[in-house]
Amino acid sequence: MSAPLPRLLVVTAVAPEAAAVLRGVQTAIPHSGPVPHELPGGYALERCGPVDVLAAGVGPAAAAAGTATALTLAEYDLVVSAGIAGGFAPLAPLGCAVVAELIVAADLGAETPEGFATVTELGFGRVRHRTAHSAPVAAALRAAGLPTAVGPVLTVSTVTGSAARAAELTGRHPGAVAEAMEGFGVAEAAAAHGVPVLELRTVSNAVGPRDRAAWRIGEAFAALERAFALLPYDRLHHRAQHEG
Ligand SMILES: O=C(O)c1cccc(C(=O)CC[C@H]2O[C@@H](n3cnc4c(=O)[nH]cnc43)[C@H](O)[C@@H]2O)c1
């Protein structure tokens, strides 16, 4: 008899992202649901066998609130922040997957005469979390032919809309592959509950000058579904992590 699969909580911002994740999970783990559950606070959670998928809202605060609510009600081996993202060129082109090695709160700090200072540099709080399982997850996606970038994924409260802001972020975070708006909130809630965290997204747009016509949301949702169909679920068991 095979060992039970680890229990995952996947947190997206919006329902279409959750739906793409659920389609992928159902491909990987057939006959697994989804079964709807309503959580306190009105959150809609869908259960697919060992995988719970929650659409918690846009931004780090909504993500943290939803994640913390789910974590008070069940035990998980891993929490995954998932959805679409802006990719930093040339590392993360449209349609590729991005797997976070670090989840970084990129705008949590203060402007000073010397430039941006993180809350850690100011002496209070943390701005990054190290993730779990990034290497085996990226390897599995690449092995199946899904282009995948690995590196820091930035959490921002304001979507980047200029080349200057994109350059500022990559200057402060060399090797960053993507930005999105929820990862750090999910990671803070996971850390508070002692559960490992990962961020897995697919690229819908390039980080840089605002150009809505260039978004490829449909392709990003298709890639997100594919990524969750390819995850090595049996290898995602709990292990200690989280580094401030
Ligand atoms: O109005 C715009 O110009 C604009 C450009 C990119 C994204 C948005 C969103 O409102 C999407 C926010 C939503 O999707 C994730 N996401 C996707 N792309 C990005 C991005 O380039 N920067 C930050 N977040 C992005 C994010 O996690 C949110 O859930 C609007």
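In this text, all values refer to a predicted model and were calculated from it rather than measured experimentally. (Residues numbered from 1 in each chain as written. Predicted model: local features only at pLDDT ≥ 70, side-chain atom pairs only at ≥ 80, totals over all residues. Heavy atoms only, no water.)

Draft legend 1. Expanded view of the side chain of Thr69. Within the element layout of this structure, Thr69 appears in helix H2 (residues 60–73). Looking at Thr69, the relative accessible area reads 18%, which means it is buried. Beyond its immediate sequence surroundings of up to four residues, Thr69 is in contact with Leu39, Pro40 and Tyr43. (Helix = DSSP H or I, 4+ residues; strand = E, 2+ residues; numbered from the N terminus. Buried < 20%, exposed > 50% of the residue type's maximum accessible area, 1.4 Å probe, protein only. Contact = heavy atoms within 4.5 Å.)

Draft legend 2. Structural detail: the packing of H2 against helix H6 (residues 183–192). The contact between H2 and H6 brings their axes to 7 Å, and the two run at 30°. The angle between H2 and H6 places the two elements in the roughly parallel class. In this structure, the crossing between H2 and H6 has a hand that is right-handed. Contacts between H2 and H6 pair Pro60, Ala63, Ala64, Thr67, Ala68 and Leu71 from the former with Gly185, Val186, Ala189 and Ala190 from the latter. Per-class residue counts for the contact of H2 with H6 are eight nonpolar, two polar and no charged. (Axes fitted to C-alpha atoms, helices over the stretch in contact; angles between N-to-C directions. Parallel < 35°, antiparallel > 145°, perpendicular 65-115°, else oblique. Left-handed = near helix turned anticlockwise from the far one by under 90°. Nonpolar A, V, L, I, M, F, W, Y, C, P; charged D, E, K, R; others polar.)

Draft legend 3. Spotlight on the pairing of strand S8 (residues 115–118). Relative to S8, strand S7 (residues 109–112) runs antiparallel, the two being bridged by four bridges. Paired with Gly109 across the strands is Thr118, a residue of S8. Following S7, the chain reverses through two residues before pairing antiparallel with S8. (Pairing = 2+ DSSP bridges.)

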